[in-house]
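# Residue-level structure breakdown
Letter by letter, the chains look like this.
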Amino acid sequence: MGLINNSRAKSPWVVHFDCGSCNGCDIEVLACLTPLYDIERFGILNIGNPKHADVLLVTGTVNPRNERVLRNVYEQIPEPKVVVAIGACACTGGVFADCYNVIQGVDKIIPVDVYVPGCAARPEAIIDGVVLGLQKFQEKVEKMNKKAVGN
Amino acid sequence: MFGMLSPILKNGFGKPATRLYPFEKREAFDKARGQLEIDIDKCIFCGMCQRKCPSTCLNVEKAASKWELDPYNCVICGVCVEACPTKCLSLNKVYRTPVYVKENQIKIGKPPVKKTAAKENA
Amino acid sequence: MVVLAIVLGPIIGGLLTGIDRKITARLQGRFGPPIMQPFYDVFKLLGKEKFINNKVQIVYVITYLFFAMLSFVLFVLGQDLIAIIFVLTVGGGAMVMGALSVRSPYSQIGSQREILQMLAYDPLLIITAVAMFMVTGSFKVAEIVNYQIHNNTPLLYVLPLVFIVLIEVLSIKMRKSPFDISAGQHAHQEIVRGVHTEFSGPYLALIEVAHWYELMLALGFVAIFFASNWYIAATLVIVMYLLEIILDNTTARLTWKWMLKSAWGFGIVLCAVNIIALYFI
Amino acid sequence: MLDTLLLILIALPFIAGFICLALKNHSARAVVVVLVSIVLMITSVVLLGQGNFEYTLGGQWNTLITYLDFALLAYIAFQAFYHRKYHSLFAYSAVIFAIASIVMVYYFDFVMAHGIEVEPTFFADQLSIIMVLIISIVGSLICIFGIPYMKDHEHHLHLEITRQPRFFLYLVLFLGAMNGLVLANNIVWLLFFWEITTLCSFMLIGHDKTEIATVNALRAISMNMLGGVGFTAGVMILFSNAHTLSLIDIINSNHAPSLLILPLSLMVFAGLTKAAQVPFQSWLLGAMVAPTPVSALLHSSTMVKAGVYLIVRLAPAYADTWLSTMVAILGGLTFVITSALAVGQSNGKKVLAYSTIANLGLIIACAGINTPLAYAGAIFLIIFHAVSKALLFLCVGTIEHGIGSRDIEDMHGLVDKMPLTAVISVIGMLTMFLPPFGMLIGKWTAMEAASVLPIVLLLMILGSAITIVFWVRWAGILMSTSSKPVKRVIENIAFLTKTPLVVLAALAIILNVIIFQVYNLMISPLAKVYYTKAADTFTQVGNGALVNTVGSFTLWPIFATVIVVILFSIYAVGKAKNSVVTAPYMCGETADNDEDRPRFRAIADGWVDYSHSNYYLNRVFGEEVLTNGSNIISIIAILVMFIVAYMGL
Amino acid sequence: MGDRRTVIPFGPQHPVLPEPIQLKLVLEDEKVVEALPQIGYIHRGLERLVKVRDFNQMVFVAERICGICSFQHAMSYCLSIERLMNIEVPERADYLRVIWSELHRVHSHLLWLGLMADAFGFEAMFMETWKIREAVVDMMEATAGSRVIISTCQVGGVRRDIAPELLQQIVKLADDVQRRVKAIEHSVLNDYTIKKRTVDKGVISKEQAWKLGAAGPVLRASGVKWDARMIGYAGYKYLNFEPVVETAGDCYARTKVRFREMFVALDLLRQAVAKIPAGEINVKVKGNPEGEAFIQVEQPRGEVTYTVKGNGTKNLEKMHVRTPTFANIPAFLTMLPGCELADVPVLALTIDPCISCTER
Amino acid sequence: MLHNQTKETNEVQTTADKLFAETQKLADNGYRFIIADVFEAEDNFELIYQFGKDYDATTLRLTVPKGAEIPSISPIFFNALLIENENQDLYGLKYKGLVVDFGGRLYMSQDEVEAPPQSMAGMNVSLVKKWNKKADTAKKEG
Ligand code: NFV
Ligand code: SF4
Ligand code: SF4
Ligand code: SF4
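This write-up is about the structure you can find in this document. (Residues numbered from 1 in each chain as written. Chains lettered and ligands numbered in written order. Predicted model: local features only at pLDDT ≥ 70, side-chain atom pairs only at ≥ 80, totals over all residues. Heavy atoms only, no water.)

## Some points on the overall build of chain F
Applied cut-off: Here a strand is any run of E in DSSP of at least two residues, a helix any run of H or I of at least four, and the numbering for each starts at the N terminus. Under the scheme applied here, a residue whose accessible area is under 20% of the maximum for its type counts as buried, over 50% as exposed, and between as partly exposed, the area being computed with a 1.4 Å probe on protein chains only. Contacts are assigned to residue pairs with any non-hydrogen atoms lying within 4.5 Å of each other. The protein chains shown are the only cover counted for residues, whose accessible areas, like all others here, come from Shrake-Rupley with a 1.4 Å probe.
When helices and strands are tallied, chain F shows three helices and seven strands. Evaluated residue by residue, chain F yields a buried proportion of 51% over its 142 residues. Within chain F, contacts between residues at least 6 apart in sequence are counted, and of these 44% link residues at least 24 apart. When the accessible surface of chain F is split by element, carbon and sulfur atoms take 52% of a total near 6,600 Å².

Now the structure itself:
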């Protein structure tokens, strides 16, 4: 069990969902993968498939059309999972908060664990954000176990 | 045929380009825009910053001498800094760190000095 | 021996995968993950919540794992190559059926491509075995090894073209670019994760372990090309592995059509030429 | 004892067939068929206990057979002529072939070989006994399956008067003819039974009396009659060259091979037509239009097996000749071509048909390789193929009646609708291509045997890789299920339908477990008898391993692994109680979990049903693409075979 | 009986699509027989913000239409307002706008190349290109203070100046990038596997491209010599360059066009630095915009059009942006039927889609 | 008058019935369609269609009453389809003859936010936002 718990923080696989970002934060998320930042150092892989992921990176404003997608992607990530909202848009809606088709913040739709501010959020901040999220795994595991017992 | 062969071999024998953040941080650029700071003592709660902000993330309440920033809504454009008549706003070079819980940054200043108050009364 | 194979197989396989990832990162100018990363991944996956689509999936995964294990064990025991390849197809077939059992677009498309992939590498693998038989007079790994030790003629000398074909076969089997068409190891795929799409958590971990066994088996195939000297064989394996990694990093993913064409055209012709040449030596 | 057995095996089906014809009552007919079937099964097992034998009948029987032969051929000619309006080419050619046969038989029986006595009339070695077992057990099960099936079938057709009596006449009679065929030693007798099977297949294929059925029946009869002519010619040349009509005599080869080779090649040719090898595959495909029991019978235990039987039976006689090599190549070609053709088909029965032809090709290739190992492989394949293929055909028939389609694309998720049938079908499919099942062992044996003939080996390798394609995907989609908890349905299928399915499935599995016993008891002695000069087939059998001089197949680890997998699966599935059942991944647009079929949202937020089809790669594996070229290649190969034979190589 | 067609969703959450867009694909084997898009996953409705933000604030909203071509959006918006209000922008500001525009073009094309490589599973190339891009992005941070959204444009000019030393560094950067891109260009354009995946894929003829209203590299790769920069807005009127044209109209040609455009952009950077005059960088803006204006600007992906209408108050009455991707989607949709599933991402990437631009 | 980048565009006033024919004429003359815009007034829409040939632009301008049907030019210019669908979404215009009709669902998913009127009624511009409040209440309840 200890081995497994230790491994969790060493191998967080992320799935990135762009739910209406302007691409600014998007490309910064991708920039994290590139040689200069190389988040694979921490075992982070951009896995692309929610069913394999541990961490959901959300960028952008939520709108009624992608809200259901966001929810679906979130549901398809097995526990323990962590959600990181990246950028002003994902945290609160940013400059677009007042638009008619914008839901102000990802946390209105799914529980968010870490907020990464910035417009666009810098790659360093994103790395910090994921690392911060990893510290929540323990708590999440307990939640998961409780859920399993509940079933 | 294999065009990428030489670049990758070069990479392979060279040193990785990776900057080992967080163990190795680099100097911020001179012009870097990090986070918004206020010298609340200088603020006169004129509300100029609030009106100019494209993201409506500032809230200035003159009556309560309150200057409130939603840092998770701020897009770090620096318009408020330019607009502020007393130059009490500034952008530092350190970007804001991620958090678990969003909180607004609230600064309560001294009530505006009499001079301004007097002007307003007049 | 059996126990050793079962235990050491995945450990070495995992380590090799870790080294692969590190080297790949280096070739891309990155720092790369720690060597032990594959183990972290697997252990983490084991601790994840169990997500399934249906219970049959589990059976397929287990079949895949145990038959991959079995094929490696049989190899270590020096058994018949053709039998080993057949056992390997059970695993492959289980994977395909597992992916097909879920009504999920990418999983099912992935499995169709996986079938084509099997179609591409299966005959080549058997032909490789046949070529070895042509030289050594036996399909048994043990005999093939013995033959080389006794006659001191490594197979590589007489079967160089077949060896080249084996490189392609291994690329396909190890899901490396340009043949990562049914399920990529890391790269982004037009069919998401192909056959692996619907397997998650512990089941994905088992698949990963099974893949390590297969990797070991594949490298075993390489090793017996130079069984007369185990040091050279080891070097050969390492060189081959590096070659695969470099190939992976210098090519774009190609389509299944190209894969079939190259396997059935290029592969079979090369093997045939080599085998015909045997008659003249 | 022996005569009773023979009487039961050969004559009883004839008698029972005519009883069926006479009985107008469905249940009575059902009772007769079931009884005959059971009797046949028991008798065949008793025959197995009896062991090898020879049996001679008096000369008057020979005369009777001669006259019956004339009647038979005339009837065939009449039938073909009668149906000429459907497809004149096939009809007239069949008539011509039949008349030619009559002339030849007349010349042969009354001029060339008048009053020749052949001893023994019947004989049985292990091969014959195996064939009898297959025919009597598998064939009978199919007949039983036919009872409820035909009732249903006619129900669908809304027939006024039932045609079942005639149907069962030919169905049951077929078994008798087959038994006669595989037990005959006198080649004239063999030829007679051979023609009976031709007639039966004609009647059965055309049973539905639709235009397409009749056309296909005509095609079948014309091709088979062509083979019959070849056979007759072969017999004539054989007699004039070697003055013998006894099979035993030919096989044991007391004659110079050069004398035998031309007649043998003609007989092999007859075998190729009957086994529907390329380029004659079209008749067997056309036979699909017949009711499923017919297809099952034709494909598994009778008809095509007659062709294979003849080729395998004669194999020792032409060992070590070029003819043999050509036979191997022809078989290998058919194996590759028809396997590839099967990939392009979505019609379930067509896939089965092509796969049958492919496997027959493999068997024939084994016969052509003509070593003891290959011989063993051929017999393995004959046994396991018969069981598995019969099972699969019956499954498709059941499925067809269940869902109203025999198209593979309509069978997605069948396990939810017809769990028992689906599971049995999948078992059937797995036994076709995966270890540790017998077909695979046969294939392995064949491959190792083919290592002496690299070109054939190459064909086998390619073919066997291709077969995986269509089996895996078919089996895969049968077992695809919805992620919703499905209502457990208990399949409502008739007892007489279920029984054959279950028995065959059990047979398919049990035979694998006792494969060593089967080998030791039945196959090994055969190879020893016919290949005295060559080395032993397997140096060691039993203890879980088949070991030959070039390789070995250790079965016990596979069995062990299977058991481990089963145990572990039970454990893991049990543990998976708490796991979360999720909807499939649809790029984030998965529908809510309450629909049985997965859906997603697409253009303008509308719902779209997800659907998936297998790849058929018609631009590579389509019938149009492959058929012509492959026909030409194989015709050339057959010509080469004749040339080789003619030159007496 | 026996439907042999596969109907699948491609997107919105899909690893090869950096942005959410969905294609409903109908496949036969792997051949696409029908493709219908669903967009709207990024629609924010920001054009309507003109009602509540004044025209100065809108610069920053327009800039955030897209994080890749952000500066050019801000510039286009400013150009259109300046056109309405008849503002003459100082020459230095014009030059600075060119510099930042072209930096954006280079970074955008490099980014595209990386994503393209990712689309056909060429991870090493993705890493290479993004490594080079990082240098460009660093330059943006050095000159403007932020990596992607640089917020330096304003109505009437620019907000920040670039110091002379930095300008020299830009030239150095241009040389450096030129060298490194040249190396990559060689690898990419001669690679067997890449050629296999791009040559003769998604061919669009010259007439088709024009009629379908394709824009930017897609248009030019089909042999149409059309580049909005030739109109001569901002500083482009002072500089000389030729639009890049290729004729094959396939994915390979589009790749080539983008490579050559990068070199043109680097050249423009050098020219601009050489010619840039000293002086003011912005003028004071008085009054409110009134009237209608229609502006065409060449962005990395092609021509963007801004239509604005002012009514004399500080809020505009209408702003409408038509972006290059919006113009290229019809071309993309005509490329799809008949291609292979494996080509879908490649075709998608060759129009360099930017959905956030498209949907605004 | 529409201001183009460097010069004024040539502008043609037209009506809804003639739109299609005019467009066809332009198409025959080698023009391409660039974009269509909508300006909303009290009770009518003003539509402008931009066409381009080389670096020249031509504008078709027409006024239609609200609720009127407008002929789609997407059969002539396939690329008009997106903008026409967009206008259906955002302004509630009706086009007839669209090659692919998204039925007002190109961008929008929910009826509540469908085609927001120009007045932007219901938009909250202050710092304290409606969603925040909603979320807070939700948090308290759940
Ligand atoms: N306008 C604009 Fe674009 C688009 N499409 C531009 O190059 O990137 Ni997001
Ligand atoms: S936070 Fe800024 S950069 Fe990020 S998506 Fe939103 S507008 Fe773009
Ligand atoms: S503009 Fe400056 S002085 Fe006025 S309220 Fe804002 S911070 Fe205070
Ligand atoms: S930096 Fe920009 S967004 Fe942030 S508070 Fe100031 S004006 Fe508002």
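## Comments concerning the layout of surface pockets
Using a probe with the size of a water molecule, rolled over the atoms, empty space left in the structure can be pinpointed. Formally: Any residue with an atom within 4 Å of a point lines the site, the site being either a cavity, points on a 1 Å grid over the protein atoms alone where a 1.4 Å probe fits but cannot get out, or a pocket, an open set with protein on both sides within 12 Å along at least 5 of 7 lines. Grid points are joined across faces, edges and corners, and a volume is the space filled by probe spheres set on the points. Here the nonpolar group is Ala, Val, Leu, Ile, Met, Phe, Trp, Tyr, Cys and Pro; Asp, Glu, Lys and Arg are the charged ones; every other residue, Gly included, is treated as polar.
A volume near 980 Å³ is recorded for the largest pocket. Around the largest pocket sit 30 residues that line it, and C:V59, C:T63, D:L430, D:V562 and D:I566 are the ones nearest its centre. Those elements that provide at least two residues to the lining of the largest pocket are α3 (56–76) and α4 (81–100) of chain C together with α18 (419–433), α21 (495–513) and α23 (556–575) of chain D. In terms of residue count, the dominant contributor to the lining of the largest pocket is α23(D) (eight residues). Looking at side-chain class alone, the lining of the largest pocket contains 25 nonpolar, four polar and one charged residues.

## Overview of the site of ligand 3
What counts is decided by this rule: It suffices for a single heavy atom of a residue to lie within 4 Å of a molecule or strand for the residue to be listed as near it.
For ligand 3, the set of nearby residues contains 15 residues, the closest of which are B:C43, B:C46, B:G47, B:C49 and B:C84. Considering only residue class, the shell around ligand 3 consists of 13 nonpolar, two polar and no charged.

## Here we look at the coordination of the iron atom of ligand 1
Residues and elements named next belong to chain E. In plain terms, the rule: A donor here means an N, O or S atom no more than 2.8 Å from the metal, or no more than 3.2 Å when the metal is Na, K or Ca. Since water is not included, a site may seem to lack partners.
Distances from the iron atom of ligand 1 to its protein donors, namely C69 (SG) and C357 (SG), fall within the range 2.5 Å. Here the iron atom of ligand 1 and the nickel atom of ligand 1 are spaced 3.0 Å apart, linked through C357, which binds each one. Placement of C69 in the loop between α1 (58–63) and α2 (70–85) and of C357 in helix α12 (residues 355–359) is noted, with a sequence separation of 288 residues between them. Classification of C357 by relative accessible area gives buried; the value is 2%.

## Focus on the coordination of the nickel atom of ligand 1
Residue and element names in this part refer to chain E. To be explicit about the condition: Working rule for geometry: tetrahedral if four donors all subtend angles between 85 and 135 degrees; square planar for four, octahedral for six, if opposite donors exceed 155 degrees and the others stay between 65 and 115; irregular in every other situation.
Those donors, C66 (SG), C354 (SG) and C357 (SG), are the protein atoms that reach the nickel atom of ligand 1, and they lie 1.9 to 2.6 Å from it. Every donor counted, the four donor atoms about the nickel atom of ligand 1 form angles of 84 to 122° at the centre, which fits irregular coordination. Taken in sequence order, the residues that donate to the nickel atom of ligand 1 follow the motif C-x287-C-x2-C. Relative accessible area serves as the criterion here: at 0%, C66 is assigned to the buried category.

## Here we look at the interface of chain B and chain E
Short version of the rule: A quick way to say it: buried area is the sum, across both parts, of accessible area lost when two parts are put together, with a 1.4 Å probe. Here a salt bridge means any side-chain nitrogen of Lys or Arg lying within 4 Å of a carboxyl oxygen belonging to Asp or Glu. Pairing of N or O atoms within 3.5 Å defines a polar contact, subject to two protein rules: one partner must be a possible hydrogen donor and the other a possible acceptor, and residues neighboring in sequence count only if both atoms are side-chain atoms.
At the interface, 24 residues of chain B touch 29 residues of chain E. Roughly 2,200 Å² of surface becomes buried between chain B and chain E when both sides are summed, with 50% attributable to carbon and sulfur atoms. Considering only the side of chain B, the residues that lose the most area to chain E are B:M4, B:K31 and B:R33, jointly responsible for 33% of the buried surface there. At the surface where chain B touches chain E, the tally comes to one salt bridge. Seen at the junction of chain B and chain E, the total is eleven residue pairs in polar contact (both at pLDDT 80 or more). Those elements giving two or more residues to the side of chain B that touches chain E turn out to be α1 (5–13), α2 (48–52) and α3 (79–83) of chain B. Residue contributions to the side of chain B that touches chain E peak at three residues, all from α1(B). Of the residues in the side of chain B that touches chain E, the class split is 13 nonpolar, five polar and six charged.

## A closer look at α21(D)
The α-helix advances 3.6 residues per turn, and as a result positions three or four apart in sequence lie on the same side. Residues and elements named next belong to chain D. Operational definition: Here the expected span of a helix is defined as 1.5 Å times the quantity of residues minus one. Summarising the geometry, the arc corresponds to the directions from the helix axis toward the C-beta atoms.
Its 19 residues give α21 an end-to-end C-alpha distance of 27 Å, which sits within 8% of 27 Å, the value for a rise of 1.5 Å per residue. The complete set of buried residues in α21 reads T497, P500, L501, L504, A505, A508, L511 and N512. Buried residues of α21, viewed axially, fall in a sector of 135°; they line one side. As for α21, its buried residues are in contact with α5 (126–157), α16 (372–403), α18, α19 (438–450), α22 (515–530) and α23.

## Looking at the interface of chain D and chain C
Threshold: For two strands to be treated as a pair, DSSP must find at least two bridges joining them.
Facing 67 residues of chain D, the contacting portion of chain C comprises 63 residues. Regarding the contact of chain D and chain C, the summed buried area is about 5,600 Å², with carbon and sulfur atoms giving 73% of it. Area buried by chain D at its contact with chain C is led by D:V550, D:Y585 and D:Y615, which between them contribute 10% of it. Viewed at the interface, chain C and chain D are joined by five residue pairs in polar contact (both at pLDDT 80 or more). Going through the elements one at a time, α18, α19, α20 (454–478), β5 (552–554), α23, β6 (580–581) and α24 (618–621) of chain D are the ones with two or more residues in the side of chain D that touches chain C. Looking at the side of chain D that touches chain C element by element, the count peaks at 14 residues for α20(D). Pairing between strand β1 (residues 51–52) of chain C and β6(D): two bridges, direction parallel. Bridge pairing in β6(D) links C:I52 to D:V581.

## Quick look at the pattern of salt bridges
Per the counting criterion, the structure on display carries 51 salt bridges over all chains. Salt-bridge contacts for A:D54 lead to C:K48; the nearest nitrogen and oxygen are separated by 2.6 Å. With A:D54 in the loop between β2 (45–46) and β3 (55–59) and C:K48 in the loop between α2 (37–46) and β1, the pair connects residues from two separate chains. Judged by relative accessible area, C:K48 falls into the buried class, the value being 5%. For E:R322, the salt bridge goes to E:E303, with nearest N and O atoms at 3.1 Å. Here E:R322 is found in strand β8 (residues 316–322), whereas its partner E:E303 is found in strand β7 (residues 302–311), with 19 residues between them in sequence. Neither residue differs from the other here; E:R322 and E:E303 are each classed as buried.

Distances and angles like these do not, on their own, reveal function.
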